[in-house]
Amino acid sequence: MTDRILPRLPALAAGALCGLLLAVLPAAPSAQGAADLAVHISADSARMDERRGIGTYSGNVVVTRGDLTLRADRIVIHAPERRPVRMEAEGNPVRAESPDLDNQPRVATAQRMEYTFDDEVLLLLRDARVQTVTEDARGDRITYDLVQDIISIEGTPTERVHITIQPRPE
């Protein structure tokens, strides 16, 4: 009997992991908006704590939700009652990509990022940078409201905020 089970262990483990991942994700996207978009995760490893609603993903983690893609070394997703609320990412650096309101590319990088799913706000911490077609903003802490396309930048007592504004291409 073990001869039949052992060759199937990798497939069984993969199936179990997929089941655990699906348990954390919202059921299906609806017309209600971004709050109901599915979250897709790929990583080298995952640990799910169903009771606490916390998933920890490590190793080349890629999270996508709608048109947002976030890449990091490690990501923790808080999903009480199987509804993603907040995501914390660490990396060297963490990288988030999402088109702006004019469908132009925008890239955010930092050593640490936090993302709140309901209001779609990115908090970038340590070596924070946001680049768009017309702007390059750097500081120690950047709060980026992706819906309103509003960037708030803070420096430190020893490091000032730096912003470069380019004319829009015609």
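Report follows, based on the coordinates.

1. Digging into the nonpolar core
- Leu70, Ile75, Ile77, Met87, Met113, Leu122 and Leu124 are the most contacted members of the largest nonpolar core, which totals 27 residues.
- The set of elements that each furnish at least two residues to this core consists of strand E3 (54-65), strand E4 (68-78), strand E5 (86-97), strand E6 (107-116), strand E7 (121-131) and strand E8 (135-145).
- No other element matches E4, which puts five residues into this core.
- When sequence neighbours within four positions are dropped, the list of residues in contact with leucine 124 reads Ala108, Thr109, Ala110, Arg112, Met113, Arg129, Val130, Asp140, Arg141 and Ile142.

2. Notes on the pattern of salt bridges
- Counting across every chain of the model gives nine salt bridges.
- Here aspartate 136 and arginine 138 are joined by a salt bridge, their closest N and O atoms 3.8 Å apart.
- Given a relative accessible area of 38%, arginine 138 falls into the partly exposed group.
- Each of Glu90, Arg112 and Glu114 takes part in salt bridges that share partners, so that together they form one network.

3. Brief notes about the side chain of threonine 56
- Topologically, threonine 56 is positioned in strand E3.
- Taking the relative accessible area as the measure of exposure, threonine 56 reaches 18% and is therefore buried.
- What threonine 56 contacts, discounting residues up to four positions off in sequence, is Ser45, Ala46, Arg47, Arg74, Ile75 and Val76.

4. Section: unusual backbone geometry
- A cis geometry characterises the amide bond from asparagine 92 onward to proline 93, with omega recorded as -5 degrees.
- With respect to the helices and strands, the residue proline 93 is situated in strand E5.
- Here asparagine 60, not a glycine, exhibits a phi torsion of approximately 50 degrees, which is positive.
- Relative to the assigned elements, asparagine 60 resides in strand E3.
- A relative accessible area of 58% places asparagine 60 in the exposed class.

5. Remarks on the environment of glycine 155
- The residue glycine 155 is located in the loop between strand E9 (150-154) and strand E10 (162-165) in this model.
- It is 10.0 Å that separates the C-alpha atoms of glycine 155 and aspartate 127, two residues lying 28 residues apart in sequence.
- Discounting residues that sit within four places of it in the chain, glycine 155 has contacts with Asp140 and Val161.

6. Concerning the pairing of E3
- One ladder, built from three bridges, connects strand E1 (residues 40-42) with E3; its direction is antiparallel. Bridging from a neighbouring strand, serine 42 pairs with valine 62 of E3.
- Examined bridge by bridge, strand E2 (residues 45-49) and E3 share five bridges and lie antiparallel to one another. When the sheet's bridge partners are listed, alanine 46 is paired in E3 with tyrosine 57.
- As consecutive antiparallel partners, E2 and E3 are separated by four residues, and within that stretch glycine 53 has a phi angle of approximately 70 degrees, a positive value.
- Sheet topology places E3 next to E4; 10 bridges connect them, and they run antiparallel. Within E4, the position partnered with isoleucine 54 by the bridge is histidine 78.
- Following E3, the chain reverses through two residues before pairing antiparallel with E4; glycine 66 in that reversal takes a positive phi of roughly 60 degrees.

What counts and how
Residues numbered from 1 in each chain as written. Predicted model: local features only at pLDDT ≥ 70, side-chain atom pairs only at ≥ 80, totals over all residues. Heavy atoms only, no water. Core = buried A, V, L, I, M, F, W, Y, C linked by side-chain atoms within 4.5 Å. Buried < 20%, exposed > 50% of the residue type's maximum accessible area, 1.4 Å probe, protein only. Helix = DSSP H or I, 4+ residues; strand = E, 2+ residues; numbered from the N terminus. Contact = heavy atoms within 4.5 Å. Salt bridge = Lys/Arg side-chain N within 4 Å of Asp/Glu carboxyl O. Pairing = 2+ DSSP bridges.

Any functional reading would require information that these geometric values do not contain.
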